[in-house]
Amino acid sequence: MPKICVFPGDGIGPEVVREALAVLRAIEEISGARSFETEEELLGGASYDVHGVPMTDKAMGLACASDAILLGAVGGPKWDPLPFEVRPERALLGLRKNLCLFANLRPAKVFAPLLDASPLRRELVEGIDLMVVRELTGGIYFGEPRGIRTENGVETGINTEVYTRPEIERVARVAFDLARKRSRRVTSVDKSNVLESSELWRKIVTEVHGRGYTDVDLSHMLVDNCAMQLVRHPKQFDVIVTTNLFGDILTDEASMITGSIGMLPSASLGGRVGLYEPIHGSAPDIAGKGVANPLATILSVAMMLRYSFNRDAEAGWIERAVEKALADGYRTGDIYRAGSGVRRVGTVEMGDVVRKNIMTNTQGEVKR
Ligand code: IPM
Ligand code: MG
């Protein structure tokens, strides 16, 4: 039986993961059999509080021995004063690096019922369906040298943006392969007018394209322009491929186009084990209040079924159940705008509605 390693993490993580796991159980119930084993471990601040480290060897071992990982979120102000090496974020970065999860897929799709939740005008966002492929194990997040030191009596903070040819080639291929299943357009985003690492990025993405992907339309864009274009005319994008840091920033921006960062799932792929997590953080301000939006994590389970377990049909059930919950007017606080036919609900109720939709909407399909 495939095994899923579950890291609820910090803040709202445990609340949203609970709902997502219940959705997974609903899927199993329809299939009539338990088909996934799950095992939970502490990660991030929650692990630090108990073990003094954000990720124990046991947790890393469990992740490696699983077939997929579901993660809530890590971090929070409580742990901000900690030394860098034991900060909750180190656990997540360590997982990505150790499991070789170099390609982070972050889809930004607008759900029609949420058009008015977007801060952008309806006509700009209607029908938006873009996919950011963020390089996840290289760049300035991991480059050496790094650190804070005193040089000639001056405190100096150092990070290094480094990209090697193989790192760029492999993530470019992921983006082109994905584009082939979509509308065959890739925008590669860099800062090649200033950074050598970006100059190489652009050169190699162009080479990979020329060597085997000329059926895909490739264009290049500078990151500052891309940030602007995402709010000016987001529909121009299909697949965006970019570096670790640029991808981190642009996906937060892209998420708001869809109405809320609480809606966006992600998949981190590249190694044997895929990692699935919402792109939002631990939202400490609302943690424990039962108001967090569980949909990004629920949609991350759909991505897990699709990419790690080849279960497209079940992934579709979840996605349609989420769409129906929104169409029926259910809204968590982050996507709520007072109006007729909409109803503000909490984390658990939103999860319940999605599960109920899965159970009722799939009846016909399952019987067939
Ligand atoms: C993300 C987050 C992480 C990142 C943090 C929590 C380390 O912002 O997944 O986008 O910067 O990659
Ligand atoms: Mg981020």
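Bear in mind that the values here come from a model prediction, so they are computed numbers and not experimental data.

Reading the values: the criteria
- Residues numbered from 1 in each chain as written.
- Chains lettered and ligands numbered in written order.
- Predicted model: local features only at pLDDT ≥ 70, side-chain atom pairs only at ≥ 80, totals over all residues.
- Heavy atoms only, no water.
- Near = heavy atom within 4 Å.
- Polar contact = N/O pair within 3.5 Å; in protein donor to acceptor, adjacent residues only side chain to side chain.
- Areas by Shrake-Rupley, 256 points an atom, 1.4 Å probe, with all protein chains shown as cover.
- Nonpolar A, V, L, I, M, F, W, Y, C, P; charged D, E, K, R; others polar.
- Helix = DSSP H or I, 4+ residues; strand = E, 2+ residues; numbered from the N terminus.
- Contact = heavy atoms within 4.5 Å.
- Phe/Tyr/Trp six-rings, centres within 6.5 Å; stacked < 30°, edge-to-face > 60°.
- Buried < 20%, exposed > 50% of the residue type's maximum accessible area, 1.4 Å probe, protein only.
- Lys NZ or Arg CZ within 6 Å of the ring centre and 35° of its normal.
- Core = buried A, V, L, I, M, F, W, Y, C linked by side-chain atoms within 4.5 Å.
- Domains from an automatic or database assignment.
- Expected span 1.5 Å × (residues − 1).
- Axes fitted to C-alpha atoms, helices over the stretch in contact; angles between N-to-C directions.
- Parallel < 35°, antiparallel > 145°, perpendicular 65-115°, else oblique.
- Left-handed = near helix turned anticlockwise from the far one by under 90°.
- Pairing = 2+ DSSP bridges.
- Buried area = accessible area lost by both parts, 1.4 Å probe.
- Salt bridge = Lys/Arg side-chain N within 4 Å of Asp/Glu carboxyl O.

K.L.:
For the site of ligand 1, give the residues involved together with the corresponding values.
P.N.:
Around ligand 1 sit Glu89, Arg96, Arg106, Arg134, Tyr141 and Asp248, and those are all the residues in its vicinity. In the model, an oxygen atom of ligand 1 is placed 2.5 Å from a nitrogen or oxygen of the tyrosine 141 side chain. Note that an oxygen atom of ligand 1 is positioned 2.9 Å from one of the side-chain N or O atoms of aspartate 248. Computed on the free molecule, ligand 1 has an accessible area of 320 Å², of which 77% lies beneath the protein chains in the complex. Class assignment of the residues belonging to the shell around ligand 1 gives a composition of one nonpolar, no polar and five charged.

K.L.:
So, the environment of threonine 258: which residues are in play, and what are the values?
P.N.:
Along the chain, threonine 258 falls in the loop between α9 (244–257) and β11 (265–269). Counting along the chain gives 28 residues from threonine 258 to leucine 230, while the straight-line C-alpha distance between them is 11 Å. Other than its neighbours up to four places away in sequence, threonine 258 contacts Ala108, Lys109, Val110, Leu114, Met263 and Leu264. At a separation of 2.6 Å, a polar atom in the side chain of threonine 258 contacts the main-chain carbonyl oxygen of serine 255.

K.L.:
Run through the packing of aromatic side chains, naming residues and quoting values.
P.N.:
Using the criterion set out here, one finds three aromatic pairs in the structure. Note on tyrosine 163 and tryptophan 201: the rings are 5.3 Å apart at their centroids and 65° apart in plane angle, and the pair reads as edge-to-face. Highlighted residues: tyrosine 163 in the loop between β7 (154–158) and α6 (165–180) and tryptophan 201 in helix α7 (residues 196–212), separated in sequence by 38 residues. The exposure class of tryptophan 201 is buried, given its relative accessible area of 0%. Between the aromatic rings of phenylalanine 176 and tyrosine 213, the centroid separation amounts to 4.9 Å while the plane-to-plane angle is 25°, which identifies the pairing as stacked. Pair noted here: phenylalanine 176 is in helix α6 and tyrosine 213 is in the loop between α7 and β9 (217–222), with a separation of 37 residues, a long-range link. In this pair, the class of phenylalanine 176 matches that of tyrosine 213, namely buried. A cation over an aromatic ring shows up here: lysine 97 above the ring of phenylalanine 142, its NZ or CZ 4.7 Å from the ring centre.

K.L.:
Please give an account of the nonpolar core that cites residues and values.
P.N.:
If you look at the biggest cluster of nonpolar residues, it comprises 86 residues, and the most contacted ones within it are Leu70, Val133, Phe176, Ile318, Val322, Leu326 and Val354. The element that contributes the greatest number of residues to this core is helix α10 (residues 295–307), accounting for eight residues. Residue contributions to this core reach at least three from each of two domains, namely domain 1 (1–102 + 270–368) and domain 2 (105–263). The contacts of valine 133, once residues within four sequence positions are left out, are Asn104, Leu105, Val171, Val174, Ala175, Leu178, Val239, Ile240, Val241 and Thr242. Listed in part, the 18 residues of the second largest apolar core include Ala63, Leu71, Ala91 and Leu95.

K.L.:
Kindly report on α7, identifying the contributing residues and their values.
P.N.:
In a regular helix each residue adds 1.5 Å, so 17 residues correspond to 24 Å; α7 covers 25 Å between its end C-alpha atoms and thus fits that length. Of the surrounding secondary structure, the elements contacted by the buried residues of α7 are β5 (129–135), α6, β8 (185–190), β9, β10 (239–242) and α9.

K.L.:
Kindly report on helix α4 (residues 88–98), identifying the contributing residues and their values.
P.N.:
Because an α-helix completes one turn every 3.6 residues, residues spaced three or four positions apart along the sequence face the same direction. What α4 keeps buried is the set Pro88, Ala91, Leu92, Leu93, Gly94, Leu95 and Arg96. Directly beyond the C-terminal end of α4, a positive phi value near 60° is found at cysteine 100.

K.L.:
Summarise the side chain of threonine 187; cite the residues concerned and give the values.
P.N.:
Mapped onto the elements, threonine 187 comes out in strand β8. Exposure remark for threonine 187: the relative accessible area of 6% places this residue in the buried category. Discounting residues that sit within four places of it in the chain, threonine 187 has contacts with Ser219, Met221, Phe237, Val239, Ile240 and Val241.

K.L.:
With reference to specific residues and values, describe the packing of α10 against helix α11 (residues 312–327).
P.N.:
The axes of two packed helices give the description: the angle between them and the distance between them. Interaxial distance between α10 and α11 falls to 7 Å at its minimum, and their mutual angle equals 160°. The angle between α10 and α11 places the two elements in the roughly antiparallel class. The chirality of how α10 crosses α11 is left-handed. Two secondary-structure elements touch here, α10 through Leu295, Ile298, Leu299, Val301, Ala302, Leu305 and Arg306 and α11 through Asp312, Glu314, Ala315, Gly316, Ile318, Glu319, Val322 and Leu326. In terms of residue class, the contact of α10 with α11 is made up of ten nonpolar, one polar and four charged.

K.L.:
Residues and numbers for the pairing of strand β6 (residues 147–151), please.
P.N.:
Examined bridge by bridge, β6 and β7 share five bridges and lie antiparallel to one another. Within the sheet, the bridge partner assigned to arginine 149 lies in β7 and is threonine 156. Turn length for the β6-β7 hairpin, with the two strands adjacent in sequence and antiparallel, is two residues, and the turn residue asparagine 152 shows positive phi of about 50°.

K.L.:
Please set out the domain arrangement of the protein chain residue by residue, giving values where relevant.
P.N.:
How big an interface is tends to be expressed through the accessible area that disappears when the partners come together. Taken domain by domain, the protein chain comprises domain 1 (1–102 + 270–368) and domain 2 (105–263). Here domain 1 and domain 2 have C-alpha centroids that lie 23 Å from each other. Domain 1 puts 24 residues into the contact, and the matching count from domain 2 is 29 residues. When domain 1 packs against domain 2, the two sides together hide about 2300 Å² of surface, and 67% of this comes from carbon and sulfur. Sorting the residues of domain 1 by area buried against domain 2 places Arg96, Phe102 and Ile279 first, and these three jointly supply 31% of that buried surface. Where domain 1 meets domain 2, there are zero salt bridges. Joining domain 1 to domain 2, the criterion identifies seven residue pairs in polar contact (both at pLDDT 80 or more). At the level of elements, α4, α10 and α11 are the ones that each hand at least two residues to the side of domain 1 that touches domain 2. Of the residues forming the side of domain 1 that touches domain 2, the biggest block, five residues, is contributed by α10. Looking at the side of domain 1 that touches domain 2 residue by residue, the class counts come to 15 nonpolar, two polar and seven charged.

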